[in-house]
Amino acid sequence: MNQVIKIAILTVWVFVMLFGCSQKHSDGSQSTKNELLQRLELAKGKGLLFGHQDDLAYGIGWSYVDGESDVKRVAGDYPSLFGWELGGVESGHRVNLDSVPFQTIKDLAVKVHLEGGINTFSWHPFSAIDEASSWSGDSVVVKYIIPGGSFHAQFIQHLNRLADFLKQLKTVDGKAIPFIFRPWHEMDGTWFWWGSKTSSPDELKELFRVTVNYLRHEKGLTNMVVAYSPDRFFSNEEEYLTWYPGDDVIDIVGMDNYHDLKCDSGVNEVIKKLHVVIQVAKTHQKLAAFTETGCSNVFDAVWFTQKLGLVLNDSLINEDVSYVMVWRNASTNHFFFPYPGHAAESDAKAFLDRSDVLLLNEFVELGK
Ligand code: BMA
């Protein structure tokens, strides 16, 4: 064989070995991440997954009862997407800031995965400077915890504890399960210490990049799908992307929006904003999601069919948004999904009965 051809073959081989292998983690976690994304891709246009925060942990009138779920009580099946909160894990707490033990979260998340559902994690961490709560919108934190900041080492310690938990998300045979991680959400609002009042877009982008790159590359969490979800303060793609940390970091683009759906005219606002999210998703080849919404205490008894339902009737949203998630059912003073006997029960059931809204069994069936 000609020497030049030999060298060329050798070069290609070295390249494939170096870069091909580095993409694949020894526990196959990179492939589990793609598996999650592919399942969402497959569901696109067939229906939106319906999600509920803390669904299996507690509901109205019960807590930690195996198999219980307020969504199941009302609609006959579980959600297909399950939200969990990680706030407190970074500080070494045994329970999260809503008192749910991390061990329980881990066990339930693995169960969800085995039963065909998808897990998504929010994170409202305490500040690495003084352990102040996430809802310290006036505190300047971000510039001190990014690289070069005087509290960067403390922040890395927070990430180490977070990673210790996330690394436990495995089946008994040691296979890492895929999950969605949605840190630094609602950064365009002013209520969190990473919000727009005290951090610049560049600082937030850096915080986001450091968080994800550290978890993925230093801690090997390549089974992690990452979601970007500002709140509602944007009206075009440029504004939406103000805090966007980059295509290499993000897999899903979304929006959190409770506020606009409080009034009738808000339905159109939400539709317009989700169109922006969808456009970004198309341009950047990402999935789009309605990452958080809800009506506090479901005080509007037809909110599900007449607000959220109208949003889903929009054909673009129906085709291109992968999931919608409502927040937790903590008590009769703080809940976002009705329970048996509540005035909104039949309306929520009618919404979930729509063929384009996927509960767990329907989502699992799609993959068969
Ligand atoms: C908020 C409320 C709080 C909770 C926090 C994190 O929206 O539900 O009660 O502590 O989310 O889950």
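Residues numbered from 1 in each chain as written. Predicted model: local features only at pLDDT ≥ 70, side-chain atom pairs only at ≥ 80, totals over all residues. Heavy atoms only, no water.

1. Thoughts on the overall build of the protein chain
Part 1 of the reasoning: Along its length, the protein chain carries 13 helices and 11 strands.
Part 2 of the reasoning: Over its C-alpha atoms the protein chain spans a radius of gyration of 21 Å, differing by no more than 12% from the 21 Å that the globule rule assigns to 368 residues.
Part 3 of the reasoning: Along the three orthogonal principal directions, the C-alpha set of the protein chain runs to about 80 × 50 × 45 Å.
Part 4 of the reasoning: The buried share of the protein chain, taken over its 368 residues, is 57%.
Part 5 of the reasoning: Contacts in the protein chain between residues at least 24 apart in sequence constitute 75% of all its contacts with a sequence separation of at least 6.
Part 6 of the reasoning: By element, 54% of the accessible surface of the protein chain is carried by carbon and sulfur atoms, the whole surface being about 15100 Å².
Part 7 of the reasoning: The averaged location of the 47 negative side-chain charges in the protein chain is 5 Å from the averaged location of its 33 positive side-chain charges. (Helix = DSSP H or I, 4+ residues; strand = E, 2+ residues; numbered from the N terminus. Rg over C-alpha atoms; globule rule 2.2 N^0.38 Å. Buried < 20%, exposed > 50% of the residue type's maximum accessible area, 1.4 Å probe, protein only. Contact = heavy atoms within 4.5 Å. Areas by Shrake-Rupley, 256 points an atom, 1.4 Å probe, with all protein chains shown as cover. Lys, Arg positive; Asp, Glu negative; His and termini not counted. Charge placed at Lys NZ, Arg CZ, Asp CG, Glu CD.)

2. A word on the pattern of salt bridges
Side chains that carry opposite charge are capable of pairing whenever their charged atoms lie near each other.
Part 1 of the reasoning: Applying the stated criterion to the full structure yields 21 salt bridges.
Part 2 of the reasoning: In this structure, D98 and R328 form a salt bridge, with 3.4 Å as the shortest nitrogen-oxygen distance. Pair noted here: D98 is in the loop between β4 (81-85) and α4 (102-114) and R328 is in the loop between β10 (321-326) and α12 (345-353), with a separation of 230 residues, a long-range link.
Part 3 of the reasoning: Salt-bridge contacts for K349 lead to D353; the nearest nitrogen and oxygen are separated by 3.1 Å. Note that K349 and D353 are positioned in helix α12 at a spacing of 4 residues, about one turn of the helix.
Part 4 of the reasoning: One salt-bridge network, in which partners are shared between bridges, spans D260, E269, K272 and K273. (Salt bridge = Lys/Arg side-chain N within 4 Å of Asp/Glu carboxyl O.)

3. A look at the environment of G309
Part 1 of the reasoning: The topology assignment puts G309 in helix α10 (residues 303-313).
Part 2 of the reasoning: A C-alpha to C-alpha distance of 24 Å links G309 and I60, two positions 249 residues apart in sequence.
Part 3 of the reasoning: Those residues in contact with G309 that sit more than four places away from it in its chain are F304, F351 and R354.

4. Observations concerning the packing of helix α6 (residues 152-166) against helix α7 (residues 201-218)
Part 1 of the reasoning: Where α6 meets α7, the axes come as close as 10 Å, and the angle between the chain directions of the two elements is 45°. When the axes of α6 and α7 are compared, the pair comes out oblique. You can see that α6 and α7 cross each other, and the crossing is right-handed. Packed against α6, whose contacting residues are H152, F155, I156, L159, N160, L162, A163 and L166, the element α7 presents L207, V210, T211, Y214 and L215 at the interface.
Part 2 of the reasoning: Its residues assigned to classes, the contact of α6 with α7 shows 10 nonpolar, 3 polar and no charged. (Axes fitted to C-alpha atoms, helices over the stretch in contact; angles between N-to-C directions. Parallel < 35°, antiparallel > 145°, perpendicular 65-115°, else oblique. Left-handed = near helix turned anticlockwise from the far one by under 90°. Nonpolar A, V, L, I, M, F, W, Y, C, P; charged D, E, K, R; others polar.)

5. Some thoughts on the layout of surface pockets
Part 1 of the reasoning: Put simply, the largest pocket is a space of about 320 Å³.
Part 2 of the reasoning: Split by residue class, the lining of the largest pocket holds 6 nonpolar, 4 polar and 8 charged. (1 Å grid on protein atoms, 1.4 Å probe; cavity = no way out; pocket = protein on both sides within 12 Å on 5 of 7 lines; lining within 4 Å. Points joined across faces, edges and corners; volume = space filled by probe spheres on them.)

6. Re the pairing of strand β1 (residues 48-53)
Part 1 of the reasoning: Most of β1 is tucked away, with 6 of its 6 residues classed as buried.
Part 2 of the reasoning: Because side chains alternate across β1, one face comprises the buried residues L48, F50 and H52, and the other comprises L49, G51 and Q53, equally buried.
Part 3 of the reasoning: As defined by bridge partners, β1 adjoins strand β11 (residues 357-358) across 2 bridges and the pair is classed as parallel. Bridge pairing links L48 to V357 in β11.
Part 4 of the reasoning: Pairing of β1 with β10, which is carried by 4 bridges, proceeds in the parallel orientation. Within the sheet, the bridge partner assigned to L49 lies in β10 and is Y323. (Pairing = 2+ DSSP bridges.)

7. Some words on the site of the ligand
Part 1 of the reasoning: Surveying the vicinity of the ligand reveals the residues E85, L97, D98, H124, W135, W327, R328 and H334.
Part 2 of the reasoning: One of the side-chain nitrogen or oxygen atoms of R328 is found 2.8 Å away from an oxygen atom of the ligand.
Part 3 of the reasoning: Calculation on the ligand without its partners gives an accessible area of 310 Å², and the protein chains cover 74% of this total.
Part 4 of the reasoning: Here the ligand is seated within the largest pocket.
Part 5 of the reasoning: Taken together, the residues that form the shell around the ligand break down as 3 nonpolar, 2 polar and 3 charged. (Near = heavy atom within 4 Å. Polar contact = N/O pair within 3.5 Å; in protein donor to acceptor, adjacent residues only side chain to side chain. Sits in = over half its atoms within 2 Å of the grid points.)

8. Remarks on α12
Part 1 of the reasoning: Looking only at α12, the buried set comprises D347, A348, F351 and L352. Each buried residue of α12 lies within a common arc of 135° when the element is viewed along its axis, so the set occupies one face. (Arc of directions from axis to C-beta.)

9. So, the side chain of D54
Part 1 of the reasoning: As for its placement among the helices and strands, D54 is situated in the loop between β1 and β2 (58-59).
Part 2 of the reasoning: Nearest to the buried, unbridged D54 among oppositely charged side chains is R328, at 4.6 Å.
Part 3 of the reasoning: For D54, the residues in contact, after removing those within four places along its chain, are G83, W84, E85, V100 and R328.

10. Quick look at empty space enclosed by the protein
Part 1 of the reasoning: Inspection of the entire model under this criterion finds 2 cavities of 30 Å³ or more.
Part 2 of the reasoning: A volume near 30 Å³ is recorded for the second largest cavity.
Part 3 of the reasoning: Around the second largest cavity sit R39, L42, F363, L366 and G367, which together line it.
Part 4 of the reasoning: Those elements that place two or more of their residues in the lining of the second largest cavity are α2 (29-43) and α13 (360-366).
Part 5 of the reasoning: For the lining of the second largest cavity, a count of residues per class yields 3 nonpolar, 1 polar and 1 charged.

11. As for the confidence of the model for the protein chain
Part 1 of the reasoning: In this model, the protein chain carries a mean pLDDT of 94, and residues with pLDDT of at least 70 account for 92%.
Part 2 of the reasoning: Confidence over residues 13-26 falls short of pLDDT 50; this stretch has 8 contacts with residues more than four positions distant or in other chains. (pLDDT = per-residue confidence, 0-100.)

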